[in-house]
Amino acid sequence: MKEFNKKFEEIEKSARERYIPVILDDSKEELLQLVKVVQPKRILEIGTAIGYSGSLMLLECKDAILDTIELLEERQKEAALNFEMFGVKERVNSYLGDAMEVLPKVIKNNTYDLVFIDGPKSKYLAYLNLVKSNIAKGGYVFCDNVLFRGMVQSGRKPPHKFRTLVVGLRKFLENIKINSDFRVEIKEKGDGIAIIKVLK
């Protein structure tokens, strides 16, 4: 991993300059720590972007296979180049399209030890409901940006342009906290992280 540090720094800098979302440092540390502990054989990622977090996970876990979904073709193409540069391309199955439409085909007959949800925030609950039957018992779901700029926990009415997103995340957090199939930990690192362990 260390030999690629400079490359990851360059990719992160370029992404931020172009307003392409990549995982924040605090969240990245938590994600990679989880990958180390779980040692997943198969990972599902919703929101490839340019392959930054996907490459990090695969380099941390040398035996893992990654199924990853991206909505935008230009980002999927850039991610493919990055996966190749980091030497992980052979372990990546990349899918293009709206995750709500693509997911049923991607997850069919697959079981995941780790699911990383980082796509459109208002759809987190819908994504989780679609994939939970395909997560191994004892597997994990890592969800980023769940507190979204402090708006989710504030209790205040969010600005109009973020209303759907914030309301969706509030509903997501309410649902996972009361679901007896899950053990949930919410961390206020980065932009908020939910780590869900699947118990059944």
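Student: Break down the environment of glutamine 153 for me, with residues and values.
Tutor: In this structure, glutamine 153 sits in helix 7 (residues 151-154). Taking the C-alpha atoms as reference, glutamine 153 lies 30 Å from alanine 136; in sequence the two are 17 residues apart.

Student: Lay out the environment of leucine 31 in plain terms, naming residues and giving numbers.
Tutor: By the secondary structure assignment, leucine 31 is in helix 2 (residues 25-38). When the C-alpha positions of leucine 31 and valine 106 are compared, they lie 22 Å apart, and in sequence the two are 75 residues distant. Beyond its immediate chain neighbours, meaning those up to four positions away, leucine 31 contacts Ile23, Ser53, Met57, Phe116 and Phe142.

Student: Describe the layout of surface pockets, with residues and values.
Tutor: Reported here for the largest pocket is a volume of approximately 720 Å³. Forming the boundary of the largest pocket are 32 residues, of which Pro21, Asp118, Gly119, Pro120 and Lys121 lie nearest the centre. Within the residue set of the lining of the largest pocket, elements represented by two or more residues are helix 3 (52-60) and strand 2 (65-70). A breakdown of the residues in the lining of the largest pocket according to their chemical character gives 16 nonpolar, six polar and 10 charged. What the second largest pocket holds in volume is close to 170 Å³. Put simply, the parts of the chain that give the lining of the second largest pocket at least two residues each are helix 2, strand 6 (182-187) and strand 7 (193-198).

Reading guide: rules and limits
Residues numbered from 1 in each chain as written. Predicted model: local features only at pLDDT ≥ 70, side-chain atom pairs only at ≥ 80, totals over all residues. Heavy atoms only, no water. Helix = DSSP H or I, 4+ residues; strand = E, 2+ residues; numbered from the N terminus. Contact = heavy atoms within 4.5 Å. 1 Å grid on protein atoms, 1.4 Å probe; cavity = no way out; pocket = protein on both sides within 12 Å on 5 of 7 lines; lining within 4 Å. Points joined across faces, edges and corners; volume = space filled by probe spheres on them. Nonpolar A, V, L, I, M, F, W, Y, C, P; charged D, E, K, R; others polar.

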